[in-house]
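Working through the structure, step by step
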Amino acid sequence: MIKAILIFNNHGKPRLSKFYEHYSEDTEQQIIRETFHLVSKRDENVCNFLEGGILIGGSDNKLIYRHYATLYFVFCVDSSESELGILDLIQVFVETLDKCFENVCELDLIFHVDKVHNILGEMVMGGMVLETNMNEIITQVDSQNKMEKSETFIFQSPRQDR
Amino acid sequence: MPAVSKGDGMRGLAVFISDIRNCKSKEAEIKRINKELANIRSKFKGDKALDGYSKKKYVCKLLFIFLLGHDIDFGHMEAVNLLSSNKYTEKQIGYLFISVLVNSNSELIRLINNAIKNDLSSRNPTFMCLALHCIANVGSREMAEAFAGEIPRILVAGDTMDSVKQSAALCLLRLYKTCPDLVLMGEWTSRVVHLLNDQHMGVVTAAISLITCLSQKNPDEFKTCVSLAVSRLSRIVSSASTDLQDYTYYFVPAPWLSCKLLRLLQCYPPPEDGAVKGRLVECLETILNKAQEPPKSKKVQHSNAKNAILFEAIALIIHYDSEPNLLVRACNQLGQFLQHRETNLRYLALESMCTLASSEFSHEAVKTHIETVINALKTERDVSVRQRAADLLYAMCDRSNAKQIVAEMLSYLETADYSIREEMVLKVAILAEKYAVDYSWYVDTILNLIRIAGDYVSEEVWYRVIQIVINRDDVQGYAAKTVFEALQAPACHENMVKVGGYILGEFGNLIAGDPRSSPLVQFNLLHSKFHLCSVPTRALLLSAYIKFINLFPETKSTIQEVLRCDSQIRNSDVELQQRAVEYLKLSSIASTDVLATVLEEMPPFPERESSILAKLKKKKGPGAVSVELEDGKREGGELNGGGERGDTPAMSASNASTPSPSADLLGLRPAPAVGSAPPSVGSLLVDVFSEGPAAASAGVNDDGFLSGRDLEQPPETSDALLAEGPGDSDSAPPPAASEEPAPPLPEAEDLLNKFVCKNNGVLFENQLLQIGIKSEYRQNLGRMYLFYGNKTSVQFVSFSTAVSCPGELPTQLNLQTKTVEPLIEGGAQVQQVVNIECLTDFIDAPLLNIKFRYGGALQNITLKLPVTINKFFQPTEMVSQEFFQRWKQLSQPQQEAQKIFKSGHGIDTEVVKAKLLGLGTALLENVDPNPENFVCAGVIQTKGQQVGCLLRLEPNAQAQMYRLTLRSSKDTVSKRICDLLSEQF
């Protein structure tokens, strides 16, 4: 099962964190820092797998990650998952984000955290993979957007709000 | 069109995020956040009712703040309100908030559950999915109670939309994981299994995770999934890359699903149905073939997906461990990957090979890659990969390559990454011990280890080398010489000083004849290190000095001088001071005889599980234990297959108990609290001398004089050691239940006979219980693992087991066990270790009584524990002439036992050979003039004596008869082995 999905940038700023096991908020933040520390010190062109940090369960868990431009996508998984399969899953996730946001970049993740969560929710649920077919995922996201659009104009309030 | 259009978001949120991003310092950011939190709080608390949009905006801001790592302790109520909205956008944000900030506030859970209930019954697929997601994310017990009944219905209902089915499957899985007791599959089982046939691949993808988990827990109920999974897999594997449309990923059809199907199959043994099995083997072959085809795309994603399936297929082949052909192909494939340019593939190949190495079919094939693996250890840039290479070397190590592998690992240690050094050290120490043929090599290896990576050599490692040197007198002289030489180095590690101090203190006399290592030279060498060492090491050295006084009376005055000097006798450390005072006194007033008794050589340590192995397991966690067990399996395989007799001091145990190092390592109790035992005795005497000097210091009473009474019984040492041996308090049999143990089952004798020539297997099985056995023997010691498996889904209570020795067996065999947990959950397995020591030869087998309650009824079973005298055989190789010479020597009538009997299963030379090897003897070729005959030789090792045994088995193929003749120096042994073996053919 997937224990956690973390996205952070090259400086370790978290851009998305999703834990499928319960940790205290404090521990979650520590896990993010620990994971960043482990992943960021690795060279490019080394392998995409490493043993998980102590906080998330040590060597029983693996961190499987990809580094895209300014962002690290890290999946922390237990031994029941195929390493290469998860790498593919990360790729599907990123390709899906790219389609949804049209050339996704870090800023999209910052300003649309809720959308990113939604897209992820169409792929992974409770730590297990729900769907791997990108077109299917996008169809779901699209239909949600349509519903949102149909509601948006009702709420779009013209006043300046903060 | 992009699915998410930028710019239609909430302006206030965007502004807030920009503000945060523009903050120049952490302080500014916190300030801005606190301001916002105050703002939101006041908005939420304010009188004015907020509209949905504002609530959504504020909740989004809270989410963002939470992501930055700040605690959010309010807003939950507003989020719950959003759930009840019938606007999708609001509902969705509400659910998101709840999912991200899980809160077990029960008040709130009830409200959330209410909203979920409404959405589940709304028949709006989007709302249903949101609700299911929320349940899966929170997954609390309250939620399980509320929805565990409802979700299976949604999952299998004919009119449920595919996307909802997918969510329902994973939601159910989550609830099952949190509260298995609440999710009752019963009536749904078959329909859930048939989801594997669903037309929608997404549904299959989600359902397979559920089915895999359920199968692991209830394999029998779900076993129909095997044939369905095979046919699904076969359809995917044989489909063209375009058949599956969107589920084709970079020209590979449904890679994720294929992997998951292969994983599911790994929950089961190979299919029994020939057709299903044939189809599966075909699939596996196709997958292996495809790996050799030219890639359909140059993209890394293509090869990734293809190889993901390949690795899972290989994992399944290894799991089955029954198709030698496939195993060898798998091994060759992995061999290719070992040199692949993709680091990921090299990593995975090393990892898979580790498991392959434990299969008896492929162990040899794996070994052919040794050079590549060693090269990987030396040249890989990536520490993760190097670590896997080290793991694989460890796994592929056996007697034939141990020296090479240990040497490579040692040389790698000099440059190894700090993060893996300690583990490497442990592994080297274990391999060196396990495969030590000559113990001088072992001593060299460990001393090298200390020299190269002294800082990483844990206490366990140097304790162990001392234990082994003490227990093997053939290596003591060599050890003394080597350690003396090692100490010559100008800078040597403190661990080296400890080993040196201990060994020279015990065995310095063995090298004292050489003027270059005369007693005084030895002493001066040790003492030159003294001032650089820590307090515990100095304490150890002081004890070594007093031992020197005993070994070499000529050093007495020099050493007394040292003890007497202020830096010792007035040392500010109370332990050192006390030792100096007491040793000085002891050496000056005790007679030579008394000294010799008090400072006697240490008695051998009781053999027990290598503490190093326990340490490795502790370090690596449960994962490593399984490696060790597999390791054990392989060893066991060798034993059964007739390889070398297990000379494995480091027996693998999986229930490694690791009490404090001193207790475990040395087998010594803390110093007996007699007389004026110093207060610090517990902490400082954790050195290897704890028993010796403590006994000595116990002799010093408050006045500082030795009382005669104490000295009359000084050999506390050996007494205490024996007391720790078999039969001490913690090995008492479990408290007897009120019911008398049942008499042995009628078939107990037959079951016993099944194990005469093998060490592992299933001892007993009925509808409730399965008892498996793994055992290892070495010389007169053995260790047996009993695995009690509950085959039912109901727990066994009041489970207890008792091992007993009937008749005169207690004087012949020493057995030690620990009690097992009184509860075995349905489907679970517990294990028990029995340590066995053979005191003298024996005939009867120990009894094992098992009692438990199943559904209220008491089950009471007594079996014979398959411990037979032949387990303590050491094979002996000899040539023809020698054999017959000895044969003649054992010519007295009572030394021989003979039986003529009819063959039970026909005469098959290979089977006979395997059995004779399994018996534990060496099968001697070219000894008997008649090549049809089998002759064997071995020595039975008991504590008291060794009994040489010669065996001759003459088959008569025509008459289907055998004549078996045994000759040994002891009549009872000849007879017993003759009886045992004649039942085997």
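Parameters and conventions
Residues numbered from 1 in each chain as written. Chains lettered and ligands numbered in written order. Predicted model: local features only at pLDDT ≥ 70, side-chain atom pairs only at ≥ 80, totals over all residues. Heavy atoms only, no water. Helix = DSSP H or I, 4+ residues; strand = E, 2+ residues; numbered from the N terminus. Contact = heavy atoms within 4.5 Å. Polar contact = N/O pair within 3.5 Å; in protein donor to acceptor, adjacent residues only side chain to side chain. Core = buried A, V, L, I, M, F, W, Y, C linked by side-chain atoms within 4.5 Å. Buried < 20%, exposed > 50% of the residue type's maximum accessible area, 1.4 Å probe, protein only. Axes fitted to C-alpha atoms, helices over the stretch in contact; angles between N-to-C directions. Parallel < 35°, antiparallel > 145°, perpendicular 65-115°, else oblique. Nonpolar A, V, L, I, M, F, W, Y, C, P; charged D, E, K, R; others polar. Pairing = 2+ DSSP bridges. Buried area = accessible area lost by both parts, 1.4 Å probe. Salt bridge = Lys/Arg side-chain N within 4 Å of Asp/Glu carboxyl O. pLDDT = per-residue confidence, 0-100. Arc of directions from axis to C-beta. Phe/Tyr/Trp six-rings, centres within 6.5 Å; stacked < 30°, edge-to-face > 60°. Lys NZ or Arg CZ within 6 Å of the ring centre and 35° of its normal. Expected span 1.5 Å × (residues − 1). Left-handed = near helix turned anticlockwise from the far one by under 90°.

So, the environment of Ile900(B)
Residues and elements named next belong to chain B. Examined against the element boundaries, Ile-900 turns out to sit in strand 12 (residues 896-902). When the C-alpha positions of Ile-900 and Tyr-962 are compared, they lie 5.7 Å apart, and in sequence the two are 62 residues distant. Those residues in contact with Ile-900, other than ones at most four positions away along the chain, are Met-961, Tyr-962 and Arg-963.

Side note on the environment of Asp455(B)
Residues and elements named next belong to chain B. Take Asp-455: it is sitting in the loop between helix 24 (439-453) and helix 25 (459-471). Between the C-alpha atom of Asp-455 and that of Arg-421, which follows or precedes it by 34 residues, the distance is 9.4 Å. Among the polar contacts made by the side chain of Asp-455, one reaches the side chain of His-493 at a distance of 2.7 Å.

Some thoughts on the nonpolar core
By size, the foremost hydrophobic cluster in this structure holds 280 residues, and its most contacted members are Ile2(A), Phe93(A), Ile116(B), Leu196(B) and Leu449(B). Ignoring any residue separated from it by four or fewer positions in sequence, one finds Ile116(B) in contact with Tyr95(B), Ala131(B), Cys134(B), Ile135(B), Met143(B) and Phe147(B). Membership of the second largest hydrophobic core comes to 59 residues, among which are Leu769(B), Met784(B), Val830(B) and Tyr962(B).

Points about the packing of helix 2 (residues 83-101) of chain A against helix 18 (residues 343-356) of chain B
Geometrically, a packed helix pair is captured by the angle between its two axes and the distance between the axes. It is at 11 Å that the axes of helix 2 of chain A and helix 18 of chain B come closest, and there the two elements cross at 150°. In terms of orientation, helix 2 of chain A and helix 18 of chain B fall into the roughly antiparallel class. Residue-level inspection shows Glu83(A), Leu84(A) and Leu87(A) of helix 2 of chain A in contact with helix 18 of chain B, the latter providing Asn344(B), Leu345(B), Leu348(B) and Glu351(B). When its residues are assigned to classes, the contact of helix 2 of chain A with helix 18 of chain B shows 4 nonpolar, 1 polar and 2 charged.

Notes on the pairing of strand 9 (residues 847-854) of chain B
Residues and elements named next belong to chain B. Counting buried positions over the 8 residues of strand 9 gives 6, a clear majority of the element. As paired strands, strand 9 and strand 10 (residues 857-864) are joined by 8 bridges and run antiparallel to one another. Residue pairing across strands places Leu-847 opposite Lys-864, the latter belonging to strand 10. In textbook terms, the turn of a hairpin is the stretch between consecutive antiparallel strands, and for strand 9 and strand 10 this stretch comprises 2 residues, one of which, Gly-855, has a positive phi near 55°.

Quick word on the interface of chain A and chain B
The figure often quoted for interface size is the accessible area lost as the parts come together. Contacts between chain A and chain B engage 82 residues on the former and 90 residues on the latter. Both sides of the chain A and chain B interface together cover about 7200 Å² of buried area, and 51% of this is carbon and sulfur. Inspection of the chain A/chain B interface yields 6 salt bridges. Among the salt bridges present, the one from Lys62(A) reaches Glu351(B), with a minimum N-O distance of 2.4 Å. Across the contact surface, chain A and chain B share 21 residue pairs in polar contact (both at pLDDT 80 or more). Here the side of chain A that touches chain B gets 13 residues from one element, more than from any other, and that element is helix 2 of chain A. Classifying every residue of the side of chain A that touches chain B by side-chain character gives 27 nonpolar, 24 polar and 31 charged.

A look at the confidence of the model for chain B
Residue and element names in this part refer to chain B. A residue-level look at chain B finds 85% of positions with pLDDT of 70 or above and a mean pLDDT of 80. In this model, residues 3-7 is a region of pLDDT below 50 whose contacts with residues beyond four sequence positions or in other chains number 14 contacts. Note on residues 621-738: pLDDT under 50 across the span, and 222 contacts to partners over four residues away in sequence or across chains. Confidence estimates for the predicted assembly give a pTM of 0.63 and an ipTM of 0.90.

What to know about helix 30 (residues 556-564) of chain B
Residues and elements named next belong to chain B. Within helix 30, burial applies to Ile-559, Gln-560, Val-562 and Leu-563. Projected down its long axis, helix 30 carries its buried residues within an arc of 160°, all on one side. On its buried side, helix 30 packs onto helix 28 (519-530), helix 29 (535-551), helix 31 (566-569) and helix 32 (574-589).

Digging into the packing of aromatic side chains
How two aromatic rings sit relative to each other is given by the distance of their centres and the angle of their planes. Residue and element names in this part refer to chain B. Scanning all chains against the criterion turns up 27 aromatic pairs over all chains. Taken together, the ring pairs in this structure connect Tyr-788, Phe-796, Phe-799, Phe-852 and Tyr-854 into an aromatic cluster. Here the basic side chain of Lys-427 rests over the ring of Tyr-394, its NZ or CZ set 5.3 Å away from the ring centre. Positioned over the ring face of Phe-755 is Lys-758, at 5.2 Å from the centre of the ring.

Quick notes on the confidence of the model for chain A
Residues and elements named next belong to chain A. Mean pLDDT over chain A works out to 86, with 93% of the residues at or above the 70 mark. Averaged over each element, pLDDT in chain A is lowest for helix 5 (residues 134-155) (80) and highest for strand 5 (residues 71-77) (95). Scored below 50 in pLDDT, residues 155-162 shows 20 contacts in the model against residues more than four places distant or in partner chains.

Focus: helix 17 (residues 324-338) of chain B
Residue and element names in this part refer to chain B. Under the 1.5 Å per step criterion, the end-to-end length of helix 17 is 21 Å for 15 residues, consistent within 8% with the ideal 21 Å. Taken together, the buried positions of helix 17 are Leu-326, Leu-327, Ala-330, Cys-331, Gln-333, Leu-334, Gly-335, Phe-337 and Leu-338. Those residues of helix 17 that are buried are in contact with helix 15 (274-292), helix 16 (300-320), helix 18, helix 19 (363-367) and helix 20 (370-379).

Section: the pattern of salt bridges
In the structure shown here, the tally under the stated rule is 46 salt bridges over all chains. A salt bridge links Glu51(A) to Arg388(B); the shortest N-O distance between them is 3.1 Å. Taken as a pair, Glu51(A) in strand 3 (residues 49-51) and Arg388(B) in helix 21 (residues 383-396) lie in two separate chains rather than in one. Among the residues examined, Glu51(A) registers a relative accessible area of 27% and is labelled partly exposed. Two residues, Lys864(B) and Glu749(B), come together in a salt bridge whose shortest N-O distance is 2.7 Å. Residue Lys864(B) is found in strand 10, and its partner Glu749(B) is found in helix 41 (residues 748-754); the two are separated by 115 residues along the sequence.

Considering the sheet that holds strand 8 (residues 829-838) of chain B
Residues and elements named next belong to chain B. One open sheet accounts for 5 strands, arranged 3-4-5-8-7; its pairing is antiparallel. The open sheet is flanked by strand 3 (761-765) and strand 7 (813-817), the only strands paired with a single partner. Between one strand and the next, the sheet's axes are offset by a mean angle of 25°, whatever the strand orientation. Bridge count for strand 7 against strand 8 is 5 bridges, and the pairing is antiparallel. Residue pairing across strands places Leu-815 opposite Ile-836, the latter belonging to strand 8.

What about the sheet that holds strand 10 of chain B?
All names here are of chain B. Pairing in this open sheet of 3 strands is antiparallel, and the strands run 6-9-10 from one edge to the other. The open sheet is flanked by strand 6 (797-804) and strand 10, the only strands paired with a single partner. The mean inter-strand angle of the sheet, taken between neighbouring strand axes irrespective of direction, is 10°.

Focus: the packing of helix 4 (residues 76-84) of chain B against helix 5 (residues 88-100) of chain B
All names here are of chain B. The interhelical angle for the contact between helix 4 and helix 5, taken along N-to-C directions, is 140°, at an axis separation of 7 Å. In terms of axis orientation, helix 4 runs oblique to helix 5. Relative to helix 5, the crossing made by helix 4 is left-handed. For the pair formed by helix 4 and helix 5, the contact residues are His-76, Ala-79, Val-80, Leu-82, Leu-83 and Ser-84 on the first element and Glu-90, Lys-91, Ile-93, Gly-94, Tyr-95, Phe-97 and Ile-98 on the second.

A short note on the pairing of strand 14 (residues 934-941) of chain B
Residue and element names in this part refer to chain B. Among the 8 residues of strand 14, 8 are classified as buried, and the element is accordingly described as predominantly covered. Of the two faces of strand 14, the one holding Phe-934, Cys-936, Gly-938 and Ile-940 and the one holding Val-935, Ala-937, Val-939 and Gln-941 are both buried throughout. Bridging between strand 11 (residues 873-875) and strand 14 involves 3 bridges; their strand directions are antiparallel. Bridging across to strand 14, Phe-873 finds its partner in Ile-940. Bridge count between strand 13 (residues 922-924) and strand 14: 3 bridges; the pairing is antiparallel. Bridged to Ala-922 within strand 14 is Ala-937. As judged from the 8 bridges shared by strand 14 and strand 15 (residues 946-956), these two strands associate in the antiparallel manner. Looking across to strand 15, one finds that Val-935 is bridged to Arg-952.

Focus on the environment of Leu980(B)
Residue placement: Leu980(B) occurs in helix 44 (residues 971-982). In this structure Leu980(B) touches Asn753(B), Val756(B), Thr868(B), Ile869(B) and Asn870(B), once residues within four positions along its chain are discounted.

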